[in-house]
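# A structural walkthrough
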Amino acid sequence: MDPLDFFEPHELLCFFHRRKTEMSCMANPHTFLSQLRDHNLIQEDTYKKVIRMKSKEKLRKEVYKILDWLETTRAKHIRAFWKCVFVEVMLSQYPTLKTLRNSLMDGSYKFDAQLPEKVEKEEEGKRESPGRLKDEETRASSGKKRKARSTSSDGDEQQPGPSSLLTPASPLKKGEKGDIWTWPIYKSQLPVMCGDKEGTLRRDRLAKGEKCILAEKRWFAPSEFEKFAGKGSYRNWKSSIRCMDTPLGKLIKDGHLTSVGYKGRHKQAKAPQSSSSHSDTVSEEEDNQEDEVSSSERNNSSDASEEEEMEASDEQQPESNPDYYRTTFKVTCGALSGSLNKKRFASGRCGKSIRTDTSWLTPVEFVKEAFRQGDGSWRKDIEYDGKPLSSLLQAKVLVLHSLLCSCKLCKPKPKDLDDQRNDDECFICKTEDVEDLVECDHCPRSFHQKCHMPHIEDAVKNDVRPWMCTFCVFNTNQVYRYADEQRSDAVLSRQISQHILECQYLLLYLCSADVEQMFALNPTLYIENYSSFIKTPMWLGNIAEKLKKKEYLTVGQFVSDVDLIFTNCALFNQNNEEFRATGEHLKHLFDQEFKKAFNICD
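Parameters at a glance
Residues numbered from 1 in each chain as written. Predicted model: local features only at pLDDT ≥ 70, side-chain atom pairs only at ≥ 80, totals over all residues. Heavy atoms only, no water. Pairing = 2+ DSSP bridges. Helix = DSSP H or I, 4+ residues; strand = E, 2+ residues; numbered from the N terminus. Contact = heavy atoms within 4.5 Å. Axes fitted to C-alpha atoms, helices over the stretch in contact; angles between N-to-C directions. pLDDT = per-residue confidence, 0-100. Parallel < 35°, antiparallel > 145°, perpendicular 65-115°, else oblique. Left-handed = near helix turned anticlockwise from the far one by under 90°. Buried < 20%, exposed > 50% of the residue type's maximum accessible area, 1.4 Å probe, protein only. Salt bridge = Lys/Arg side-chain N within 4 Å of Asp/Glu carboxyl O.

This brings us to the sheet that holds strand 7 (residues 328-333). Spatial ordering of the open sheet is given by 10-9-8-7-11-12, a layout of 6 strands whose pairing is antiparallel. With partners counted over all chains shown, the strands left at the sheet margins are strand 10 (360-361) and strand 12 (387-388), one partner each. Sheet topology note: the strand 8 (residues 336-341)/strand 9 (residues 354-355) ladder contains 2 bridges and is antiparallel. Bridge pairing in strand 9 places Leu340 opposite Ile354. Running over the sheet, helix 17 (residues 363-371) touches strand 7, strand 8, strand 9 and strand 10 and is turned about 35° from strand 7.

Encoded structure:
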């Protein structure tokens, strides 16, 4: 019998809670994360995001966030967590885990040691340090390039970060029993399941009749979560959604949860077919008026029964549309193309939701840019996959905000408007996290300080004067640098000191094209036995470091290291066509851009 089986789940959870920081500080946590991924304990998109991070500090913070998420949403799997990290191969690689296992098994850890009562929130306005206030005022005045991570633009439907998730104030003592919905750790939320889908239920949202279950980074009403889990035919979320095998209906009946009747949103939102048929031609003002009326009807309608709600939603289920879970859409209007960001979309005139190569635009601005005139209907003239954008609105894939909406997209403050001009994620590593982004004043790109080449110093970041990224500097100067066609052999033999801008641009271009960041990090850190096959590993982060330290003498040496990445890829992935094809595609892009950058004709 496994020694872990002698511990109660709440004891293992308490031990986990007190050891999160220690585990997050483990060096090179890639194998640790891979082990969690192999046991389905972390989400795939989270794993891919964290595994490609370069900054050790950012990596440590993200590992802590993952552990925090595990504690709050997957508490029922706490025993599986400890079993998978206490295997011999993990203990040999991470001394921290070995120390934790020993303290748990030899009895040196005391479960009955009480933690201080947690302070949820300091009294408003109390102990506000003058230094901090001054720093915030300075930041507000000079914050043009300091883009703090923006929260979700969906108003109330913001995803809670680690700081908003409740952690234990007074865990149960050893041997003490109790249902988890009575534990202090679950004072504000509960882990729930429906079918094979897991989520976190927020008690306060359930009591208000709002979307209250967070699953896979989206908020659901109970009936929506039931359908999301493939149990829509049950038509009884109080029975199909459970917390530790106990139906929510029983928890509500016993007084552990408070629930109000949910509005018949699907029934009310289903507009008459005749009105949607001519929606393409109505003006933007009429669109907004219709939204306002629809919103008012929903808010003032009486509660519909669950059976009526399910009957109506069965007729039109946006979740069944394959585009429902997409976050970006490739759109066109005439000859102009761009990407529509679902999170930024509010209406035709609110929310700069369409990104072109040069700027972020509202749908109305996108149409004007395409036709160079004021008339036109954004619903009809903007197309996605050969269909007008109105098809996404009718399918409820895109949702128009009401005129009464007061979110940051519909009623933006000056800083919100400024933030809408640039990307919400780093153009290079494709991540958005707690670290500030530096915005280019000449294009829509944003960058982390250490992702950009050259690295952006704090002095530049805090300077209120306009700043231009390497992409813009290169494009501005390229027409003046190589008026005559060049030969590749001549370019490769040149001193790199005279062409540092071109090399920085090409490296940034390649890093951005590597969307999955497959070649960003040292492969020996997360690919087992890689060194046995590849004698000279090379990765983009290493090239960036060598470029920064001026270790290259010629352009040819720089290009040789880039080629080495893809040579290694082809050699290591002889039996993996997908990865080999990805390497070949990126090499092709680099070769093309290299010839353009130096105006090479051969």
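Let us now look at the confidence of the model for the chain. The predicted model of the chain has a mean per-residue pLDDT of 78, with 76% of residues at 70 or higher. This model gives residues 121-144 a pLDDT under 50, and the stretch forms 12 contacts once residues within four places in sequence are excluded. Low pLDDT, under 50, characterises residues 148-177; the stretch is placed with 82 contacts to residues that sit more than four places away or in other chains.

Between helix 1 (residues 9-24) and helix 5 (residues 78-85), whose axes approach to 9 Å, the crossing angle comes to 55°. Classified by the interaxial angle, the pair formed by helix 1 and helix 5 is oblique. For the crossing formed where helix 1 meets helix 5, the hand is left-handed. Contacts from Pro9, Leu12, Leu13, Phe15, Phe16 and Met23 in helix 1 reach Ile78, Arg79, Phe81 and Trp82 in helix 5.

The element strand 2 (residues 197-202) is extensively covered by neighbouring structure, given that 5 of its 6 residues are classed as buried. Pairing of strand 1 (residues 189-194) with strand 2 involves 6 bridges; the strand directions are antiparallel. Across the sheet, Met193 pairs through a bridge with Glu198, a residue of strand 2. Between strand 1 and strand 2, which pair antiparallel and follow one another directly, the connecting turn spans 2 residues, one of which, Gly195, has a positive phi of 65°. With 2 bridges joining them, strand 2 and strand 3 (residues 213-215) adopt antiparallel strand pairing. Bridge pairing in strand 3 places Thr200 opposite Leu214.

Counted under the stated rule, the structure contains 22 salt bridges. With a closest N to O distance of 2.7 Å, Asp254 and Lys250 form a salt bridge. Overall, the relative accessible area of 45% leaves Lys250 in the partly exposed class. Residues joined in a network through salt bridges with shared partners are Lys20, Asp68 and Glu71.

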